[in-house]
Structure formats: C-alpha cells, structure tokens
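Residues per chain are reported as follows:
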Amino acid sequence: GFAASKAEWLRKMLEWAVQARRPAFGDLLPFEGKDLRITQAQVKGPQIDGDALLMPAGEDRLGVRLEAFLKFHARLRVTHASDRYALALGRPYTKITLRDARSRWGSCASDGALMYNWRLIMAPLGVLDYVCAHEVAHLAEMNHSPAFWAVVERLRPGHTQERNWLKRHGTQLQALRFRD
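Figured I'd write up the structure that's included with this text.

Basis of the calculations
Residues numbered from 1 in each chain as written. Predicted model: local features only at pLDDT ≥ 70, side-chain atom pairs only at ≥ 80, totals over all residues. Heavy atoms only, no water. Helix = DSSP H or I, 4+ residues; strand = E, 2+ residues; numbered from the N terminus. Buried < 20%, exposed > 50% of the residue type's maximum accessible area, 1.4 Å probe, protein only. Polar contact = N/O pair within 3.5 Å; in protein donor to acceptor, adjacent residues only side chain to side chain. Contact = heavy atoms within 4.5 Å. Phe/Tyr/Trp six-rings, centres within 6.5 Å; stacked < 30°, edge-to-face > 60°. Lys NZ or Arg CZ within 6 Å of the ring centre and 35° of its normal. Pairing = 2+ DSSP bridges.

A closer look at unusual backbone geometry
Working step 1: Phi at Glu32 is positive, roughly 55 degrees, even though this residue is not glycine.
Working step 2: The topology assignment puts Glu32 in the loop between β1 (28-31) and β2 (34-40).
Working step 3: For Glu32, a relative accessible area of 15% gives the class buried.

A few points about the side chain of Glu32
Working step 1: Looking at Glu32, its side chain comes within polar contact range of the side chain of Arg77, at 2.5 Å.
Working step 2: Apart from residues no more than four positions distant in its own chain, Glu32 is found in contact with Arg77, Ile121, Met122, Ala123, Pro124 and Leu125.

Quick notes on the environment of Tyr85
Working step 1: By the secondary structure assignment, Tyr85 is in helix α3 (residues 59-89).
Working step 2: By relative accessible area, Tyr85 is classed as buried at 5%.
Working step 3: Put simply, Tyr85 and His159 are 74 residues apart on the chain and 14 Å apart in space, counted from C-alpha to C-alpha.
Working step 4: Residues contacting Tyr85, with those up to four places away along its chain left out, are Asp129, Cys132, Ala133, Val136, Leu155 and Arg156.

Description of the packing of aromatic side chains
Working step 1: Tallied over the full model, the rule gives three aromatic pairs.
Working step 2: The ring of Tyr85 has Arg84 lying over it, and the distance from NZ or CZ to the ring centre is 4.7 Å.

A few points about the pairing of β2
Regular strands place side chains that alternate from one sheet face to the opposite one.
Working step 1: Here β1 runs beside β2; their pairing, made up of four bridges, is antiparallel. Across the sheet, residue Leu28 finds its bridge partner in β2, namely Arg37.
Working step 2: Between β1 and β2, which pair antiparallel in sequence order, lie two residues; one of them, Glu32, sits at a positive phi of approximately 55 degrees.
Working step 3: Taken together, the four bridges between β2 and strand β4 (residues 52-55) define a ladder with parallel strand orientation. Pairing of Thr39 across the sheet is with Leu54, part of β4.

This is the structure in structure tokens:
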C-alpha cells in the first residue's frame, strides 16, 4: 500500500536516475570538467592529445587503465589544493587518501586525515578545489556551523557555484563504472 501511494514519486525519481555505464573506446570521459574522447592508439599509457584521451589497445583492460589514470591525476590535484589551503589556514593535515565513496566527496578525520573521492578529477577543477577547501576547513572547525562556513568562504570565496554543480552533476560522475 505504501509503495502504491508513492508510485508517482517513484516514477519521477527513476526518470531522473542516471544509468550506470562502462566507458568504451569512442565514448566521452569527463576530465577536469572537459570531455575527452577515449581513443585507441599506439601508446604505452594514457596520453591527452587535444580533446582525445589516447589509450592502449585492449577493451578488456580499458576500465582499469582509465581508473588508474584518473586516480593518479586526482591525487596530484587534491594534494596540491590541500597543501595550499592548509598553508593558508595554518593547520597541517596528517595524510590524504583516495576512495570511491558513494555518498561522500570528501571527509576530514579528527586526527587531520583527509579523504577525497577520486572521481572529483572528472568535475571542473573549481569543484575539486572547493571540496579541498571544505575538507581543510574542518581542520579548524569539525562541524558545519556558521563558523565553519566562514572558514570555507575565507579559503574559497564564492564557493556556492561549485557546491551547487556537485549537487546537480555528482550522480553522473558516480554512474561511470570502471570495473566489474
């Protein structure tokens, strides 16, 4: 009875849901907010060439290679941004880890350990940068109080647009499946 009473709402939610997909040669892959065409080429490892992401042959290994490429670049970007914000805040973090979290883009533990979702590298760089500012701000305020948001605003003025982008488009980044 309950499900039947919510049938219309359920139909709308399913229409909005993004279907999971596995990237293939010829598909577009978001990288730093730009779409790169995944292109098979005679290369040993992934290379960006204009609007193409050149990848070695082998559809069976494509997902694993793409994931490794994205994680490598995500680590570089989040480390750089976290270093910059921690220095500005005057609060060091203890370590950075990358995960493929389904419900979080980042977190900050009480010991100063930062965790980021490696899928942030697919979002525009400003979005990744905002998430880093957000998590580093937790080094000063371990809550989401007005004082916390004041720290975020000081570190990343005008962050609202990036925050909203993630709310609107985050599920599209989560829909990409690189492994079985």
